[in-house]
Structure formats: C-alpha cells, structure tokens
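Summary of structural features
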Amino acid sequence: MASGGLQLLGFVLAFIGWIGIIISAALPQWKMSSYAGDNIVTAQAIYEGLWMSCVMQSTGQMQCKVYDSLLKLEGTLQATRALMVAGILLGLIGIFVAVTGMKCMKCMEDDEVKKMRMAVFGGVIFLVAGFAVLVATSWYGHRVARDFYNPFTPVNTRFEFGQALFIGWAAASLTILGGAFLCCSCPRRETSYPPTRAYPKSAPSAGKDYV
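An unreviewed UniProt entry lists the protein under the name Claudin, from Chelydra serpentina. On record in UniProt, under Sequence similarities (unreviewed entry), the comment for the protein is "Belongs to the claudin family." The annotation that UniProt attaches to the protein under Function (unreviewed entry) is "Claudins function as major constituents of the tight junction complexes that regulate the permeability of epithelia."

And the structure:
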C-alpha cells in the first residue's frame, strides 16, 4: 500500500509538471524588457517567447507576431524549441507507460513484475523529459543573463527573465520529482531462502531378540 501511494503521488506530480511544461512552451513571456536604467520608456512592454514576440501597451492591449522564418532564428532558440518539444512528447509517452504500470489500473494484472517495471520505466521517461526541459530553460536563462550583463548591450534592448521561464523551471522540477517517486515505488525484493527439504523419517526397524 505504501508503494502504491508513492506511485500515485509521483504520477500526479509528473502529470502536473507536464502540464506546466506545455504552458511554459506556449507562453510568450520567456523574456521581458528590462526597466533598469534612467532613459527607459515604460509606455510599452516587450515580451519574447519561443514562437512569437509581443508588445503590450500601457492600455493593456497586447499585439503579438509569430516569428516569420525558422532559418532566421538563433541557434539557441532553435535548440530550446527542440528540447521543449522533446520534453512534451516524452512526457506524453511517460504518461501512457506509467498509467499501464499503476497498481490502481487493471492492465497487466497477471504479471505483477512486468507491471512494476512499466511504472519504473514511465518514471525514467519522466526523468528524461524533466531534465530536457531543465536544460532548455537554464540554457535560455543563461543567455538572457549574459546579454543583460554584457556592457556592449544597449540599455533599451536589455531583457529580464519572464514568467514562462519560472514556470518552466517549476514544471521541470515537478516532473523530475514525480519521475523519481515512480522509480522508487518499486518494492524491494525480499531475500527468499530455498525451502528446507523434508527428509522421510526412517521407520524403526523391528528388533529381534537373540537367545
């Protein structure tokens, strides 16, 4: 029962993390215009994401534009896109695999060993998906921080971390934690000793009295 509860907790955490990965990849606020400086016009805020860039006016109206060409994008942005998409697809596969191995499901009830292995394999897939997203978000965040502290970057073109980046970090952490719980939910094998062989008792020999 304890392993079943840990298994369910791991699946719920990984599933929430996977939803967060999708939200993070879809949001355009991966980086936002910085207001650090004296001559910054705050009438509009500029956001850039993986798929589009947006401008929000002081009135609250937002206008977004999808990136025109894939070939014109930076290599870092293309790699971040690929890692995020890979994380989403791996998470989807991990959901199906982990559900098959869940103790509360009736799939593969005849073979408990294979059922537990499926749950552990689903946890491993979640771990790979979480680390892929963690690498993508950390790499993107490192580039934003590097450009921000670069003295040759104009003050009015500096960006800071956006909300989508923090969501991505949190989602990756939940996915990794959930995958780890799924991997640890497999109960340890108890050491079994071979049964002692019962030897037949020898019948007492009928003694003869010699005179």
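Let's shift gears to the environment of Gly-5. Note on placement: Gly-5 falls in helix α1 (residues 2-26). Judged by relative accessible area, Gly-5 falls into the partly exposed class, the value being 41%. Considered as a pair, Gly-5 and Lys-103 are 98 residues apart in the sequence and their alpha carbons are 9.4 Å apart.

Right, let's talk about the state of the cysteines for a bit. If you walk through the whole model with that rule in mind, you get 1 disulfide. Between Cys-54 and Cys-64 runs a disulfide, and the two sulfur atoms are separated by 2.0 Å. In this structure the cystine formed by Cys-54 and Cys-64 twists about its S-S bond by roughly 110°; its chirality is therefore right-handed. Within this pair, whereas Cys-54 is found in strand β3 (residues 52-57), its partner Cys-64 is found in strand β4 (residues 62-66), the two being separated by 10 residues in sequence. Cysteine Cys-184 remains unbridged, with the sulfur of Cys-183 as its closest cysteine sulfur at 6.6 Å.

Attention now goes to the environment of Phe-131. Counting through the fold element by element, Phe-131 comes out in helix α3 (residues 112-148). Here the alpha-carbon distance between Phe-131 and Ile-176, two residues 45 residues apart in the chain, equals 7.0 Å.

What follows deals with the sheet that holds β4. Sheets are built from strands that pair by backbone hydrogen bonding, the pairs being arranged parallel or antiparallel. Here 5 strands make up an open sheet; going across it, the order is β4-β3-β2-β1-β5 and the pairing antiparallel. Each edge of the sheet is formed by a strand with only one pairing partner; in this case those strands are β4 and β5 (159-161). Going from strand to strand, the sheet's axes swing by 25° on average, the running direction of each strand aside. The pairing of β3 with β4 spans 5 bridges and is classified as antiparallel. Each bridged residue has a counterpart across the sheet, and for Cys-54 the counterpart in β4 is Cys-64.

The rules behind the values
Residues numbered from 1 in each chain as written. Predicted model: local features only at pLDDT ≥ 70, side-chain atom pairs only at ≥ 80, totals over all residues. Heavy atoms only, no water. UniProt positions renumbered as here; feature names shortened; annotations may be inferred. Helix = DSSP H or I, 4+ residues; strand = E, 2+ residues; numbered from the N terminus. Buried < 20%, exposed > 50% of the residue type's maximum accessible area, 1.4 Å probe, protein only. Disulfide = S-S within 2.5 Å. Pairing = 2+ DSSP bridges. Axes fitted to C-alpha atoms, helices over the stretch in contact; angles between N-to-C directions.

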